[in-house]
Structure formats: C-alpha cells, structure tokens
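Summary of structural features
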Amino acid sequence: MALEMDKLVSLCKRRGFVFPSSEVYGGINGFWDYGPLGVELKRNIKDAWWRDNVQSRDDMVGLDCSIIMNPRIWEASGHVGGFSDPMVDCRATKERYRADQMYVFAYLFPATNAKGEPTEAWLAGLGGSPEEAAEGVEKRAVKLARKFGKPTDPPEVTPYLQIAAEDRIKVVGPATDESGTLTEPRSFNLMFKTYVGALESESNVAYLRPETAQGIFANFKNVVDTARVKLPFGIAQIGKSFRNEINPRNFTFRSREFEQMEIEFFCRPEEAKDWYKYWRDARFAWYTGLGLRSDRLRLRDHDAEELAFYSTATADIEYAFPFGVSELEGVAHRGDYDLTQHMKFSGKDLSYFDEEKKERFTPHVVEPSAGADRATLAFLCEAFAEDEVGGEVRTVLRFHPRLAPVKAAVFPLVKRDGMPEKAQAIHRELKRNHNVAYDEKGAVGRRYRRQDEAGTPFCITVDSQTMTDDTVTFRDRDSCRQWRVPAAGAAAALRDLLEGGAVPAAE
Ligand code: GAP
C-alpha cells in the first residue's frame, strides 16, 4: 500500500520525531524542530555518514566552519549574483509562487491550453518514467486544487512557465478566479541577509550560508598546510544551511533551515572522471546499505542541458517520495571552478604543489552534496509500514538498526515479584553502550506496539521464567519472533544483533 504523506507527518508529530517550529506561536513556514526520537534518528544518520565517509577512510578529513563568512565568498561562488528562483506574484491575493513549481488548471483557461498536457521535456526534468512523472504532476495539481478550493475533476494541469510562454494574460493564479493577476516571473535571491556589528548599513551586510561547501573551498589552503594531506583527498563538513525558499513544502523536504552533509574531493584533473564515477556509485550504495530499497532509490545522470556551465558530469540520487521523485543528493564533477573563483576574488594562491611530480596546478573537485533532513525523511518513508500482527493492524518503522533512534526497550512483564528491579538492572547495563528505553506501563502487547512505532528493533522482557532460570525474552520488531537469552548474556546478544547478527529461527 502506498504511503500517504499525511499519515507519516501525523506519526512524526504524535511520536515526537518532527514538530512544526514555534508551534505555540502558530508556527513559522519552512522551519521544523526534531523531537526526542527525531533528534536521535537524524544524529544516527549524520554519525553514520561521518563514520563511513570520514573516520573510516584514509583520504578524508573533517571541517566545521562558521555559518556567517566574509560576504566576498558569496560573490566568488556566484550566490550573490545568481542564486535566485523565478517568482510570480499574484496582484489580487498578494501570494508569491515559484514559477517553475506552479501548476495551473487547464479548465480555468481552456483558450491557452486545449490539451492541458505537460510537455515531454518538462516531464523528463522530474525524473522517473514519463508515466510516473505525469502521475506526480496530477497528484500535486489535485492537492493544490483542494488547498485552494478549486474543483479537482478533471485534474488537467500544466506548469505555469509553459502557459506563460503562450499567453500569460489568461492565466489564473491558484488562489483567485480572476485572470491576468499574475506578474511576469522575477528573480528573488534565496540568501538570508543580516548585518554584522552595530550598524545596519550596506557595508555591514553578511549572509547566512546557503551551503556548507564554500567554507571548505575557503579553507582548502589551511587544510593542505596543516593536515599533511596529499591528493587525492577530501574535506567533509556537516552543518546548517539556510535558504529563503519561496515555497517551502513537502514537510521537511524543502525547508528554509536545513543541514547538509557535503564532501569536496580534490584530485588531479586527469583522475577526476574516475573519482566522479567512484563517488556517484559509492554514495548510492551508502543509502542502499542503510536500508533504502533500490527500486525507490534512483540514480539519474544530468543531460547536457541540465549541467552547470563548469560541470562536465552531475548525477542526482533521487528517492520516490509519496509526493514525487525528488533529489536526495547531488554528485557533481565541478572541475577547478570553485578554487579558481576563490583565487580570483581573494587574490590568494590556492594551487597545489605535487612534491613527487614537481608540478603546480589547481586541483579538480568532485562534490557529493547530501541533505541530512532529506535523508531523514527518506529513511522515515522507507521504514514506515502497516502490517497485521495477532489480527490487529500495527504501525511499524523498520529502521536499519544503525539508524533506529532507540536500539532496544526493556520491560518487566508485570510490576511485581521483583521483575521491575531485574528489568531496571538490565536496562542500566545496556544503557552504558546504547540508547535503550525502559517501559513498565500498560499491557505488554501495547508496549510492543509503542516500540514498533518508534522503530525500536528489539524488546527484552523480564517475565516469571526469568525469576526461575535467569533468562529473558528477546523479541524482534520485524518478524515479531521471540526467543530466550540468558540475562547475563543480554548485552552481548544485543550487540551482536545490532551489528547484523541473525535473529534465531522460531523455537
Ligand atoms: N553545494 C552544492 C549544493 O548545495 P544543492 O543541490 O543546492 O547543492 C545539496 O543542495 C543538497 O542539500 C540537496 O540534495 C538536498 O539534500 C539539500 N537541500 C538543498 N536545499 C534544501 C532545502 N531547502 N531543504 C532541505 N534540504 C535541502
């Protein structure tokens, strides 16, 4: 059964994964807070990324640089001049929309669009097969129609830019019935501006970084001079980025404050193509290894028209979210564009000297750039399942054990006969190494359901048999299989299971 986004959003709220930011004050669009379970999940994702891409490798070092940097950095990177989206305003309602994300309804202006069909080229831009992409468009249009109280039947839609090119005058914005209220598309810079120091003058303008990548380029020379690194090597950074997105949407997918996990991998120009291929495949495999089923995860190479002018190859790792196929991570071959720009703007030499070959040159770079929030959302979507256990429907989050917010829960079957004391002692022992919960409230079946919804892979119950033979019941989240383990061996058994050990066959 296809996952409905509303169900996931409500589970996230109910169980404390994700809350709307500033909710007691009515919220703020495009900002989200991670609750007690969400913060653990997202932290596990970032830790897995750092462990697998930085600490376990010999050719990668980490960095943590400031969010506000010298504004010249954003001139060099092109963000001051060009980091913008085409926007349209509705003169009637004062609403503002991203032009490329607007769908308008064919039946509102039949004169401009007789067929109401999106073009092949536009569909291709969405990724996936044309059929799937068309389905995505239709779903979004129906949702939009519902939101603005428009009829949803027939759901014939076309993207705004396509209509605009034909006859903008007849276009009707989604929140009005009047035609001709939409302005021409205009550019809108996505960077959040602020002022550094007491004076709010143009000379004190600074920006909240819209990506972590530029801080890496700005520190290239510092790292080369201090870390004894030799090409090929990478610099990795995890941190917050900010974009004043015009139309934040799809839960945390497009937020105004989000976290990125970025690598700039520097190499000799003639090796860049091979390293690009390596990172494209390695990053795809990272997601599948942590449980993103490969048929929802896709690798899409950009065609020539889509490539940035400095890039010779780029691929998007995409995920089929309930709201459509969308980008999780981009892997780009960026040539020597960034270092060259920073040399030009800073006047500093950022070239590299190869001691062995006695050669000086500007390294080329491959950039795998991922979003921690989008990864969290994809892992949540993938994990969400509803199945039947004991004649009842249960909701379960089947997280990979490395990512599960809580690794195990310990229960006393009843609150007497020494069971709580025994269970608490096991809980204390397991907590030394893992995030483990203790729960003694309600029927044990309900406690299992609570942990299933939180995605806890294993439950450990102290029952009456424990009090006679000192064994406990282990229960596996996914198969609901149960088996007994000596209480003294519970910590070792849990460690083995979390490291990929098999769940024993049914007794
Ligand atoms: N340095 C390259 C760069 O920033 P990007 O495609 O703009 O490239 C990289 O962003 C990743 O950051 C995206 O694949 C996505 O996972 C995440 N990301 C970008 N904008 C985001 C937003 N508004 N909300 C959440 N995540 C976002």
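Residues numbered from 1 in each chain as written. Predicted model: local features only at pLDDT ≥ 70, side-chain atom pairs only at ≥ 80, totals over all residues. Heavy atoms only, no water.

Quick word on the site of the ligand
Near the ligand you find 18 residues, and of these Glu211, Arg243, Ser255, Glu262 and Glu327 are the closest. In this structure, Ser255 approaches the ligand through a main-chain N or O atom, which is 2.8 Å from a nitrogen atom. Separating an oxygen atom of the ligand from a side-chain N or O atom of Glu327 is a distance of 2.5 Å. Taking 550 Å² as the accessible area of the ligand by itself, protein coverage stands at 88%. Broken down by secondary-structure element, the contributors of at least two residues to the shell around the ligand are β12 (257-267), β15 (324-335) and β18 (364-371). By residue number, the principal contributor to the shell around the ligand is β18, which donates 4 residues. For the shell around the ligand, a count of residues per class yields 5 nonpolar, 4 polar and 9 charged. (Near = heavy atom within 4 Å. Polar contact = N/O pair within 3.5 Å; in protein donor to acceptor, adjacent residues only side chain to side chain. Areas by Shrake-Rupley, 256 points an atom, 1.4 Å probe, with all protein chains shown as cover. Helix = DSSP H or I, 4+ residues; strand = E, 2+ residues; numbered from the N terminus. Nonpolar A, V, L, I, M, F, W, Y, C, P; charged D, E, K, R; others polar.)

Considering the confidence of the model for the chain
Averaged over the chain, the pLDDT score is 87; the fraction of residues at 70 or greater is 83%. Note on residues 166-170: pLDDT is under 50 here. Beyond four places in sequence and across chains, it has 12 contacts. (pLDDT = per-residue confidence, 0-100. Contact = heavy atoms within 4.5 Å.)

Details of the packing of aromatic side chains
By the definition in use, this model includes 23 aromatic pairs. Pairing Trp32 with Phe251 gives two aromatic rings, centres 4.9 Å apart and planes at 80 degrees, and the pair type is edge-to-face. In this pair, Trp32 sits in strand β2 (residues 32-34) while Phe251 sits in the loop between β11 (233-242) and β12, placing the two residues 219 residues apart along the sequence. Of the residues examined, Trp32 reaches a relative accessible area of 26% and is grouped as partly exposed. Between Phe220 and Phe266 the ring centres are 4.6 Å apart and the planes differ by 50 degrees, which places this aromatic pair in the tilted class. On the criterion of sequence distance, the pair formed by Phe220 in helix α9 (residues 220-226) and Phe266 in strand β12 is long-range, its members being 46 residues apart. (Phe/Tyr/Trp six-rings, centres within 6.5 Å; stacked < 30°, edge-to-face > 60°. Buried < 20%, exposed > 50% of the residue type's maximum accessible area, 1.4 Å probe, protein only.)

Considering helix α14 (residues 444-454)
Of the positions making up α14, those classed as buried are Arg447, Tyr448, Gln451, Asp452, Glu453 and Ala454. After α14 finishes, the residue Gly455 shows a positive phi value of roughly 85 degrees.

Some details on the packing of helix α1 (residues 5-14) against helix α12 (residues 372-383)
Geometry of a packed helix pair, given as the angle between the helix axes and the separation of the axes. Close contact between α1 and α12 brings their axes to 11 Å; oriented N to C, the two are set at 105 degrees. Regarding the angle of α1 to α12, the classification is roughly perpendicular. Of the residues in α12, those touching α1 at Met5, Leu8 and Cys12 are Leu377, Leu380 and Cys381. A class-by-class count of the residues in the contact of α1 with α12 yields 6 nonpolar, no polar and no charged. (Axes fitted to C-alpha atoms, helices over the stretch in contact; angles between N-to-C directions. Parallel < 35°, antiparallel > 145°, perpendicular 65-115°, else oblique.)

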